[in-house]
Structures are given as C-alpha cells and as structure tokens.
Amino acid sequence: MDRIDKMVQDIFADRLDPATLSTNDLELVTDAIYEMAENLLDGPHREAAEAILEVLADVVDDRMADTDMSEFADAVEQAEARGSTYFEFDSYTLH
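Residues numbered from 1 in each chain as written. Predicted model: local features only at pLDDT ≥ 70, side-chain atom pairs only at ≥ 80, totals over all residues. Heavy atoms only, no water.

1. A word on the nonpolar core
In step 1: Ile4, Met7, Val8, Ile11, Leu16, Leu21, Val29, Ala32, Ile33 and Leu56 together form the largest nonpolar core, which totals 10 residues.
In step 2: Those elements that place two or more of their residues in this core are α1 (3-12) and α2 (23-40).
In step 3: It is α1 that contributes the most residues to this core, four residues altogether.
In step 4: Excluding its chain neighbours within four sequence positions, the residues that come into contact with valine 29 are Ile4, Met7, Val8, Ile11 and Leu21. (Core = buried A, V, L, I, M, F, W, Y, C linked by side-chain atoms within 4.5 Å. Buried < 20%, exposed > 50% of the residue type's maximum accessible area, 1.4 Å probe, protein only. Helix = DSSP H or I, 4+ residues; strand = E, 2+ residues; numbered from the N terminus. Contact = heavy atoms within 4.5 Å.)

2. Looking at the pattern of salt bridges
In step 1: For the structure shown, the criterion picks out four salt bridges.
In step 2: A salt bridge links lysine 6 to aspartate 10; its shortest N-O distance comes to 3.0 Å. With lysine 6 and aspartate 10 both in helix α1, this residue pair falls four residues apart, about one helical turn.
In step 3: Assessed through its relative accessible area of 42%, lysine 6 is described here as partly exposed.
In step 4: Among the salt bridges present, the one from arginine 46 reaches glutamate 50, with a minimum N-O distance of 3.0 Å. On the criterion of helical spacing, the pair formed by arginine 46 and glutamate 50 is a turn pair, its members being four residues apart in helix α3 (residues 46-66).
In step 5: Classification of arginine 46 as partly exposed rests on a relative accessible area of 41%.
In step 6: When salt bridges with common partners are traced through the structure, they connect Lys6, Asp10 and Arg15 into a single cluster. (Salt bridge = Lys/Arg side-chain N within 4 Å of Asp/Glu carboxyl O.)

3. Thoughts on the environment of leucine 53
In step 1: Within the secondary structure, leucine 53 is located in helix α3.
In step 2: The exposure class of leucine 53 is buried, given its relative accessible area of 16%.
In step 3: Once you skip the residues sitting within four places of it in the chain, leucine 53 turns out to touch Tyr34, Ala37, Glu38 and Leu41.

See below:
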C-alpha cells in the first residue's frame, strides 16, 4: 500500500484529519478518492459513488471560490500592458 492509499484509509477511519495535510497531499488524496468513486460507478455501489463525487465537486468548488486570484489577475494586466498575449481557454479568445 502506498502513502496516499494509507492516508485515504486513515481519513476514512477517522485517524487522520484532512486539515492537517499539505496542499499537495490533500490534492493527491482527493484525486485518489475521486478515482475510487469513479471505479464504483459501474457496480452495486453506484449511489454511494455518485454521492462521493457530488461531495468532491462541492469541495473543489468551495476551494476554487476561496482562492485569491487577485495576484494572478494583476500579473495578467501587467503582462498585457507590456504587450504579451495569452489564450483564454474558457472563452477561446486571444488577449
């Protein structure tokens, strides 16, 4: 069993508080749980898998909403002022 699998099991067994994990480890654990849930979709535990995926989607949305992107936005404005361009994937536009 690798380190990430052990952390996932410890979280499920309430032996490890996810709040104590580094950002990198939390991301790896979240990815592992997501993969586990996806693998359960085609089996008898479909409803549980869907519930897990829904919770994970909410967690990711909450983390994205809490992320301060002001420095990134400022950096983009400064780069554009210098004449740099970038491609915006959400709207398929070139800035």
